[in-house]
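Okay, here's what each chain looks like letter by letter:
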Amino acid sequence: MAENELAAFRERWKQELTGKKDEKPLLVSASTSSRDLPGQSGRKDLKNTNKTCSFSDLKEDVGERGDIEAAAETEEDQPQYVSIARSLLDGRTSPLLDRIQEERTRRKRHYHSMTNVCSASLQQQQPQRKVKKEEELVDQLIQDLNEVNDIPFFDIELPYELALKIFQYLSCTELGRCAQVSKAWRVLAEDSVLWFRMCTREGFHEDASVSDSPCWKSTLRDCRNSAKTVSSNWKNRVGSISQLQFELGKVLCDVSSCDSFVLAGYTSGDVRLWDTLHWDSAASYLKANSLSANTEPRPHVSHVQVNGTVAAAAYEDGCVDLWSTETGGQPIHHYQSPGRIQALALSPDSPVLLSAAGSDVRLDRADDCGYWRTACQAQLPSTVDSVILVPGRGQQCPLAALTAGEAVYLLDPREEEPRTLHSVYGHPVTCLDASYSQVAFGVKRTGWAMHDGGNKIHVYSLETSKPTVCVGNSPGDFTCINLRDGPPHLLVCGNKDRRVRVFDLRTGSSVASLYAHHLGVTSVQADDWKIVSGGGEGLVCVWEMRMGAKLWEMHNRHPVRHVRFDTSTLVTANIPDDKSPRGACITDDDLTAHRRHRGVICHYDFSEDALSQDHILPICRSDYTESHGYNYNIGLAVPYDRLSGSHSSH
């Protein structure tokens, strides 16, 4: 195209944009001018002659689209479009001018290559037509308009931070599509901040920072693949199973677990802590206080609780010990209650301990320096049955829920007396659980109240202390509730009528009813897709929530009193009801005589590296160089190879 023709074209374009009267959109003027140009009929004949030519289709499609858009838009409706057009005509510079120029050069090369291919195909079908100068002008117009439309507006004038703010509302799939638009969009779509926020939003590496990974996009992909593998292992029961045993000659009393820690108490008065990530941790051995340790016979352990930082145990004589999970050894806090501890609770995310002895309640917490102090003490009208600390409070003032007979109370250290949340005479509370915003408890109805639908579960709001929903309709007693671990709108519970039920708290309706355990459900936990339940007959069942199908089950002797799982691990405990079985007085050297009375703790690992060397118990990794067999009651006087040689010599 000659320089004078291009200058004349730009001058006409400026006049059309700046004219106050009889002003029409840009594309209408261009299409009108193209109709008056000679050779227009030749172009139409060219299009009709070869409809497969992509070059002719491109010009005709852009012309028709320009006519439609020009008829519908005015200068007032497209101020940004006019601004871009004027900036292109005036040759305005911008920080991205070099990138835009490179993009133009690349598009021109692609355009010319496509033109040559179409021209070659036309030469084979019909004689070559004379190319008009006006036609070249229209081609240039189409090319300029394509460049204006393909370059995003905020790439030129919007700051990078604001563009990133817009992109943060896109999903993973949408970011992938945006990365294919242009180089600038690809830089935005692959920004580490976007993928870091997406990774934490999906629950991966929630405590990490942006600088912890060089490529958060790859990190998110690896986390998703790992989660998919773990989910498949859960469904197909692929992984490792370990039995945690410590006091082989005594009976298991209580078990608690949190994160990678498992805490167990025995009738011998011993308390054992396992760290499933570091089996040989020195903090595994916890020493009792001097009072309980010097008492003969030593009192049984009645309750144990553990979280990520501390472990607690209560004894039959009313003593309570508290240890650090990092150091173990001697207790860091100890106190004596006047009576037997009926209930013990430890906050899952803060150093707060709650204990109840008879009708007396005591709440202890650690200050900023790590010293434990008694925050409050209270007395209820009747004996306390169960206690729980509301999770998710963090550094806020702790809040506890307690049940005593037919009443449910809320204990706040800032208030003088516990606040009554629910109380109905003759309807005792059978189970209790709480989330950060709600508390749920099962109520046993008797007499005429059974004609009103049977036993119920009441859910109260902790903010307003008012009931939000009442669910359930069962003749059996509710024995366990899981509210804190599942989705926010779902409640999972177990009943003596052998069923596990799932309720939708938004509608108060039943979502699923699973026939699980013929001796009643004793413990239950759920997440967003699965349910794990334990029964009085010793069965542990894993269910798929959406389909209501049983995936697999495992059986051990004694009722399942503890079920706790996270993403890749499951801890179950079968605890006997009889702590002094007949025959337990047999000497401790004869372990097989009363193995069936002791109870068992099982640890399931469904992670990808569950079969690696680091996840094998120390006894299974023994090199036979020790002089005695740990936990197996066998003696190895010499190493295995020498022992074999001595046998062969005789």
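By the naming in an unreviewed UniProt entry, the protein chain is F-box/WD repeat-containing protein 8, taken from Amphiprion percula. Listed in UniProt under the heading Pathway (unreviewed entry), the comment for the protein chain reads: "Protein modification; protein ubiquitination."

Undergrad: I would appreciate a short explanation of the overall build of the protein chain in the present structure.
TA: On a plain count of helices and strands, the protein chain comes out with 15 helices and 34 strands. Buried residues in the protein chain amount to 46% of all 650 residues. Taking as baseline every contact in the protein chain between residues at least 6 positions apart, the subset at least 24 positions apart corresponds to 47%. Taken as a whole, the protein chain presents about 34,700 Å² of accessible surface, with 50% of it coming from carbon and sulfur.

Undergrad: Help me out: how do you make sense of the sheet that holds strand 20 (residues 455–461) in this one?
TA: Paired through their backbone hydrogen bonds, the strands of a sheet run either parallel or antiparallel. The sheet built from 4 strands is open, its strands ordered 18-19-20-21 with antiparallel pairing. Edge positions in the sheet fall to strand 18 (429–434) and strand 21 (467–474), since each has one partner strand and no second. In this sheet, neighbouring strand axes are inclined to one another by 15 degrees on average, regardless of whether the strands run parallel or antiparallel. Inspection of the sheet shows strand 20 paired to strand 21 by 5 bridges, in the antiparallel sense. Within strand 21, the position partnered with asparagine 455 by the bridge is serine 474.

Undergrad: Which parts of the structure should I look at to understand the pairing of strand 9 (residues 333–336)?
TA: Consecutive side chains along a regular strand alternate between the two faces of the sheet. The side-chain alternation of strand 9 yields one buried face, formed by His333 and Tyr335, and one unburied face, formed by His334 and Gln336. Sheet topology places strand 8 (residues 319–324) next to strand 9; 4 bridges connect them, and they run antiparallel. The residue bridging aspartate 321 from the neighbouring strand is histidine 334, located in strand 9.

Undergrad: Even after reading the chapter, I still don't get the environment of tryptophan 529, so can you show me in this structure?
TA: By the element assignment, tryptophan 529 lies in the loop between strand 26 (521–526) and strand 27 (530–535). Note: C-alpha distance between tryptophan 529 and tryptophan 543 (14 residues apart in sequence) is 8.6 Å.

Undergrad: I would appreciate a short explanation of the sheet that holds strand 27 in the present structure.
TA: Spatial ordering of the open sheet is given by 26-27-28-29, a layout of 4 strands whose pairing is antiparallel. The two strands at the open ends of the sheet, each matched to only one other strand, are strand 26 and strand 29 (549–555). Taking the axes of each pair of neighbouring strands and ignoring which way they run, one obtains an average angle of 20 degrees across the sheet. Of the strand pairs in this sheet, strand 28 (residues 539–544) and strand 29 are connected by 6 bridges, and their pairing is antiparallel. Paired with valine 542 across the strands is tryptophan 552, a residue of strand 29. Sheet contacts for helix 13 (residues 216–236): strand 27, strand 28 and strand 29; angle to strand 29, the most-contacted strand, approximately 65 degrees.

Undergrad: Just checking my understanding: could you explain the nonpolar core for this structure?
TA: Residues Leu354, Val361, Leu380, Val384, Val387, Leu402 and Leu411 are the most contacted members of the largest nonpolar core, which totals 19 residues. Those elements that provide at least two residues to this core are strand 10 (343–346), strand 11 (352–357), strand 12 (360–366), strand 13 (372–379), strand 14 (386–389), strand 15 (400–404) and strand 16 (407–411). If sequence neighbours within four positions are ignored, valine 387 has contacts with Ala343, Leu344, Ala345, Leu354, Ala356, Ala401, Leu402 and Leu432. Residues Leu175, Ala179, Trp185 and Phe196 belong to the second largest nonpolar core, which totals 18 residues.

Undergrad: Honestly, helix 12 (residues 192–201) in this entry has me stumped. Any pointers?
TA: In an α-helix, one turn spans 3.6 residues, which is why side chains three or four residues apart end up on the same side. Looking only at helix 12, the buried set comprises Leu194, Trp195, Phe196, Met198 and Cys199. For helix 12, the secondary structure elements touched by its buried residues are helix 9 (160–167), helix 10 (172–178), helix 11 (183–189) and helix 13. Capping the start of helix 12 is the job of one residue whose side-chain oxygen sits 2.9 Å from the backbone nitrogen of valine 193: aspartate 191. Two residues or fewer after helix 12 comes glycine 203, characterised by a positive phi angle close to 95 degrees.

Undergrad: I would appreciate a short explanation of the confidence of the model for the protein chain in the present structure.
TA: Keep in mind that low pLDDT regions are not for reading the predicted coordinates in detail. This prediction gives the protein chain a mean pLDDT of 78; 70% of its residues lie at or above 70. Across residues 586–593, confidence stays below pLDDT 50; counting only partners more than four residues off in sequence or on other chains, it has 8 contacts.

Undergrad: Quick question: what am I supposed to make of the packing of helix 12 against helix 13 here?
TA: When two helices pack together, their arrangement is given by the angle between the helix axes and by the axis-to-axis distance. Two elements in contact, helix 12 and helix 13, have axes separated by 8 Å at closest approach and are oriented at 25 degrees. For the element pair helix 12 / helix 13, the angle class is roughly parallel. As for how helix 12 packs across helix 13, the hand of that crossing is left-handed. Residue-level contacts link Ser192, Trp195, Phe196, Met198 and Cys199 of helix 12 to Trp216, Lys217 and Leu220 of helix 13. Looking at the contact of helix 12 with helix 13 residue by residue, the class counts come to 6 nonpolar, 1 polar and 1 charged.

Undergrad: In this structure, what is going on with the pattern of salt bridges? I would like to understand it.
TA: For side chains bearing opposite charge, pairing can occur when the charged atoms are close. Scanning all chains against the criterion turns up 17 salt bridges. The residue arginine 340 makes a salt bridge to glutamate 316 at a minimum N-O spacing of 2.6 Å. Residue arginine 340 is found in the loop between strand 9 and strand 10, and its partner glutamate 316 is found in the loop between strand 7 (310–315) and strand 8; the two are separated by 24 residues along the sequence. We classify arginine 340 as partly exposed; its relative accessible area is 36%. Each of the salt bridges in this network shares a partner with another, and the network as a whole consists of Arg186, Glu190 and Lys217.

Rules behind the numbers
Residues numbered from 1 in each chain as written. Predicted model: local features only at pLDDT ≥ 70, side-chain atom pairs only at ≥ 80, totals over all residues. Heavy atoms only, no water. UniProt positions renumbered as here; feature names shortened; annotations may be inferred. Helix = DSSP H or I, 4+ residues; strand = E, 2+ residues; numbered from the N terminus. Buried < 20%, exposed > 50% of the residue type's maximum accessible area, 1.4 Å probe, protein only. Contact = heavy atoms within 4.5 Å. Areas by Shrake-Rupley, 256 points an atom, 1.4 Å probe, with all protein chains shown as cover. Pairing = 2+ DSSP bridges. Axes fitted to C-alpha atoms, helices over the stretch in contact; angles between N-to-C directions. Core = buried A, V, L, I, M, F, W, Y, C linked by side-chain atoms within 4.5 Å. Polar contact = N/O pair within 3.5 Å; in protein donor to acceptor, adjacent residues only side chain to side chain. pLDDT = per-residue confidence, 0-100. Parallel < 35°, antiparallel > 145°, perpendicular 65-115°, else oblique. Left-handed = near helix turned anticlockwise from the far one by under 90°. Nonpolar A, V, L, I, M, F, W, Y, C, P; charged D, E, K, R; others polar. Salt bridge = Lys/Arg side-chain N within 4 Å of Asp/Glu carboxyl O.

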